[in-house]
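Breakdown of the fold
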Amino acid sequence: MVIGAGIGGLTTALSLHAAGIDCTVVEAVPELKPLGVGINLQPHAVRELVDLGLREDLVRTGIPTRALTYATRRGDVVMTVPRGRAAGYRWPQLSIHRGHLQMLLLRAVQDRLGQDAVRAGLAFEDFAPGALERAGAGPIKVRLRETTTGRQVADGADVVVGADGVHSAVRARLHPRGDELRWSGITMWRGITERAPYFDGATMVVVGTQDGAKIVAYPICPQARARGRALVNWVAEVRTAQAGTATTEADWWRAGRLEDVRPHFAGWVLPYLDVPELIAGAGRILEYPMVDKEPLPYWGAGRVTLLGDAAHPMYPVGSNGGSQAVLDARYLALALASEPDPAAALARYEHERRRQTDGLVRSGHRFEVDEMVKLAEQRAPGGFTDISEVLSAQELSRMAEAHRRVADMDVQTLNERPSWTVSRLPL
């Protein structure tokens, strides 16, 4: 049983099905809709979705990102790094609408596993008394609740995977104390705006620094590009408080107000991007805090585990959130299909994936790339035309390395690694 029908949960269902493992997905929302804004999928995540047979759907839905440009608040370019295939990967980096990706995955799950594979309107409440302690034999009993009626539903499974997001109820049951959300002090506003393309129509731009204000923008819609336009996803980040505050307020769908975000970017009219105009052009603005949690000492117990944001909520640095959930899902299926003992399989999965994600959670706190952009702004407050006159070759090398640590997997390692796809098990 997979708790949660987000990107991680649905990819888990597809991966388990490909390995011949039966599963059911339960989701608290009564009806899944294409909500949210854009996200980026790194090449290592795109590879896994392609291996699941979703290449054509992804091509129709997302834009392969060719470059990432870091710039000062004046728009002066500090560094441009190639992305995806332009960086030598066999798979692209993909900029895509989160809701459209979720619907793409949902359709694939329903087509392959059946229309009833995702049971919407069911929320996880708890494990039955003693279920975790007696998890060595028989199904793990869980208590679910119909979100429209409040009626209690009892169910069970051989393995339970909590993929229910940053407010995970499964995680709260496994780790009931000392597991608060930590606020970075940064408030994020997000929106989508149609406008004329900038640069080559496939470049992500990151302008400014975390110390003050920063804007991240990238196009996400192939259909808009075909019309000579760009549907640009943007994220405005502003430090509004000190870092380290514990919080319980992290509502991803909270409506934001134009008058709250636009003043922070007054005058940010760049040669290639009018930021105030970009922000004002969004039909809807979302607002939420940049939060994460301290890495857990362990994810699960016995035949229960966590996945995606439920296991390792992290700052949106290096486009890692959705990508790491996809990797979790694929390796979980590989482990379960390769080990006869489900508990041993989950232990293997946790050992492998915690090694990767704990480091990403911690490295996301340092904002080392921003430090170099800030340094360029301080040394050349009036702007510059050649970054080599502002930052040394050694400093630029350190900046590139800092970017790689949070955003990249080694090209050769990914290109040559054997597939995580496993053959369908005998029925």
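Worth saying up front: this structure is predicted, and the values here are computed from it rather than measured. (Residues numbered from 1 in each chain as written. Predicted model: local features only at pLDDT ≥ 70, side-chain atom pairs only at ≥ 80, totals over all residues. Heavy atoms only, no water.)

A word on the overall build of the protein
Looking only at helices and strands, the protein features 13 helices and 19 strands. Its C-alpha atoms give the protein a radius of gyration of 22 Å, near enough to 22 Å, the size a compact globule of 427 residues would have. If you line up the protein on its principal axes, its C-alpha atoms span 70 × 45 × 40 Å. Here the protein, with 427 residues, has 56% of them falling under the buried criterion. Pairs at least 24 apart in sequence give 76% of the contacts found in the protein among residues at least 6 apart. (Helix = DSSP H or I, 4+ residues; strand = E, 2+ residues; numbered from the N terminus. Rg over C-alpha atoms; globule rule 2.2 N^0.38 Å. Buried < 20%, exposed > 50% of the residue type's maximum accessible area, 1.4 Å probe, protein only. Contact = heavy atoms within 4.5 Å.)

Focus: the packing of aromatic side chains
Inspection of the entire model under this criterion finds 6 aromatic pairs. A ring pair is formed by Tyr198 and Phe199, whose centres lie 5.8 Å apart and whose planes are at 70 degrees; its orientation type is edge-to-face. On the accessibility criterion, Tyr198 (3% relative accessible area) is buried. Look at Phe265 and Trp268: their rings are 4.8 Å apart centre to centre, the planes differ by 75 degrees, and that puts the pair in the edge-to-face class. For the pair formed by Phe265 and Trp268, the shared burial category is buried. Over the ring of Trp420 we find Arg417, and its NZ or CZ is 4.0 Å from the ring centre. (Phe/Tyr/Trp six-rings, centres within 6.5 Å; stacked < 30°, edge-to-face > 60°. Lys NZ or Arg CZ within 6 Å of the ring centre and 35° of its normal.)

Details of the pairing of strand E13 (residues 181-195)
When you tally the buried positions in E13, you get 13 out of 15 residues, the bulk of the element. By the bridge criterion, 6 bridges tie E13 to strand E18 (residues 286-292) in an arrangement that is antiparallel. Looking across to E18, one finds that Met188 is bridged to Tyr288. Relative to strand E16 (residues 230-239), E13 runs antiparallel, the two sharing 10 bridges. When the sheet's bridge partners are listed, Gly191 is paired in E16 with Trp234. (Pairing = 2+ DSSP bridges.)

Quick look at helix H2 (residues 43-51)
Of all 9 residues making up H2, 8 are buried, and the element is well covered by its neighbours. The set of residues buried in H2 consists of Pro43, His44, Ala45, Val46, Arg47, Glu48, Leu49 and Val50. Downstream of H2 by a residue or two, Gly53 has a phi angle that is positive, lying close to 85 degrees.

Topic: the pattern of salt bridges
Summed over all chains, the structure comprises 33 salt bridges. The partner of Asp51 in a salt bridge is Arg47, with the nearest N and O atoms 3.8 Å apart. Here Arg47 and Asp51 lie together in helix H2, a separation of 4 residues that amounts to about one turn. Residue Arg47 is classed as buried on the basis of its relative accessible area, which comes to 4%. In this structure, the salt-bridge partner of Arg330 is Glu48, at a minimum N-O distance of 2.8 Å. Taken together, the residues Arg330 in helix H9 (residues 321-338) and Glu48 in helix H2 connect sequence positions 282 residues apart. According to the relative accessible area criterion, Arg330 is buried, its value standing at 3%. With relative accessibility at 0%, the residue Glu48 sits in the buried group. Each of the salt bridges in this network shares a partner with another, and the network as a whole consists of Arg182, Asp292, Glu294 and Arg362. (Salt bridge = Lys/Arg side-chain N within 4 Å of Asp/Glu carboxyl O.)

Re helix H1 (residues 7-18)
Its 12 residues give H1 an end-to-end C-alpha distance of 17 Å, which sits within 8% of 16 Å, the value for a rise of 1.5 Å per residue. Within H1, 10 of the 12 residues are buried, which leaves it mostly tucked inside the rest of the structure. Among the residues of H1, Ile7, Gly8, Gly9, Leu10, Thr11, Thr12, Ala13, Leu14, Ser15 and Leu16 are the ones counted as buried. At the exit of H1 stands Gly20, carrying a positive phi of roughly 80 degrees. (Expected span 1.5 Å × (residues − 1).)

Some words on the sheet that holds strand E7 (residues 93-97)
Taken together, 3 strands build an open sheet; the order of strands is E3-E7-E4 and the sheet is antiparallel. Bordering the open sheet on either side are strand E3 (38-41) and strand E4 (63-65), each of which pairs with just one other strand. Pairs of neighbouring strands in the sheet enclose a mean axial angle of 30 degrees, with direction left out of account. Where E3 lies against E7, 4 bridges are found, and the strand directions are antiparallel. (Axes fitted to C-alpha atoms, helices over the stretch in contact; angles between N-to-C directions.)

Here we look at the sheet that holds strand E9 (residues 122-127)
Sheet strands line up and pair through hydrogen bonds in the backbone, either parallel or antiparallel. Taken in spatial order, the 3 strands make up an open sheet running E9-E10-E11, and their pairing is antiparallel. Taken across any chain shown, the strands that pair with only one partner, and hence form the sheet edges, are E9 and strand E11 (152-157). This sheet shows a mean twist of 35 degrees between the axes of neighbouring strands, independent of strand direction.

Things to note about unusual backbone geometry
For Phe199, which is not a glycine, the phi torsion comes out positive at approximately 50 degrees. Tracing the backbone through its elements, the reader meets Phe199 in the loop between E13 and strand E14 (203-208). Classification of Phe199 as partly exposed rests on a relative accessible area of 43%. The phi torsion at Ser319 lies on the positive side, around 55 degrees, for a residue other than glycine. With respect to the element layout, Ser319 can be found in the loop between strand E19 (304-306) and H9.

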